[in-house]
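Report on the structure
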Amino acid sequence: MTVMTAAAIEEFLDEVFPFRQGTIEGVDDMRATMSLAIEDEHLRPGACVSGPSMMALADVCLYVAILAQIGPEAMAVTSDLNCHFLRRARGDRDLIANARLVKLGSRLAVGEVELFSAGDDAPVAIVTATYVLPDRDEDDD
């Protein structure tokens, strides 16, 4: 069950993380979807999306999935991020991120994000990441 809507998360992020990349397309139970309109600043030589742009979108998308579950928490931070680049991300299409939380505990959240060039079925990258969560009242580890 989500405790924040996509609109509420966007508003929260505008306050605490105004320089993030991407647009929230939706949130659901343990999931989030975001998109990034690709501009020249996101490209590397060969007109493909740069790795840092892909990892940044994946990181924010997983953070959005976490916020949807726990509510506004500025101090939930990335402790580990691993990216597997599978193929070239097209520079002429938006980048889509689909995040799924695998585990949401009281101190850690673990998730995976698949990245796609808009309109393609095969992912361009798969990211796994862990977030450290600040102390909360509940104990569900």
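Residues numbered from 1 in each chain as written. Predicted model: local features only at pLDDT ≥ 70, side-chain atom pairs only at ≥ 80, totals over all residues. Heavy atoms only, no water.

**Regarding helix α1 (residues 6-16)**
The criterion, for reference: A 1.4 Å probe rolled over the protein chains alone gives each residue an accessible area, and that area as a share of the maximum for its type sets the label: buried under 20%, exposed over 50%, partly exposed in between. Each helix corresponds to a stretch of at least 4 residues labelled H or I by DSSP, and each strand to a stretch of at least 2 residues labelled E; elements are numbered beginning at the N terminus. To be clear, the arc concerns the directions from the helix axis to the C-beta atoms. Contact criterion: two residues are considered in contact whenever any of their non-hydrogen atoms come within 4.5 Å of each other.
Of all the positions in α1, only Ala6, Ile9, Glu10, Phe12 and Leu13 are classed as buried. Taken around the axis of α1, the buried residues stretch over an arc of 165 degrees, which confines them to a single face. For α1, exposure combined with an orientation more than 90 degrees from the buried face picks out Ala7, Glu11 and Glu15. Where α1 is buried, its residues contact β1 (23-28) and α2 (51-70).

**Describing the pairing of strand β7 (residues 108-117)**
Our working rule: Strand pairing follows a simple DSSP-based rule, namely that at least 2 bridges must link the two strands.
Summarising the sheet, strand β6 (residues 95-104) and β7 pair through nine bridges and their orientation is antiparallel. Along β7, the bridge assignment pairs Ala99 with Val113. Where β6 folds back on β7, the antiparallel hairpin that results is connected by three residues. Of the pairings in the sheet, the one linking β7 to strand β8 (residues 125-132) comprises eight bridges and is antiparallel in character. Counterpart to Gly111 in the pairing with β8 is Ala129.

**Things to note about the environment of Asp94**
Here Asp94 is to be found in the loop between β5 (77-85) and β6. In this structure Asp94 comes out as partly exposed when scored by relative accessible area, which is 36%. Separated by 84 residues in the primary sequence, Asp94 and Glu10 place their C-alpha atoms 19 Å from one another.

**With respect to the nonpolar core**
Using the following cut-off: By nonpolar core we mean a set of buried residues, namely Ala, Val, Leu, Ile, Met, Phe, Trp, Tyr and Cys, connected to one another through side-chain atoms within 4.5 Å.
In this structure, Leu95 and Leu115 are the most contacted members of the largest nonpolar core, which totals 41 residues. The element best represented in this core is α2, accounting for 13 residues. When neighbours within four sequence positions are excluded, Leu95 is seen to be in contact with Met34, Ser35, Leu36, Ile38, Val49, Met54, Leu57, Ala89, Leu115, Phe116, Ser117 and Val124.

**Re the packing of aromatic side chains**
Stated precisely, the cut-off is as follows: Centre distance within 6.5 Å is the pairing criterion for rings of Phe, Tyr and Trp, where only the six-membered ring of Trp is used; planes under 30 degrees apart are then read as stacked, over 60 as edge-to-face, and the remainder as tilted.
What the rule picks out here adds up to one aromatic pair. Relative to Tyr131, the ring of Tyr63 has its centre 5.7 Å away and its plane inclined at 5 degrees; by these criteria the two rings are stacked. A residue pair is termed long-range when its members are at least 10 positions apart, and Tyr63 in helix α2 and Tyr131 in strand β8 qualify at 68 residues. Across this residue pair, the class does not change: Tyr63 and Tyr131 are buried.

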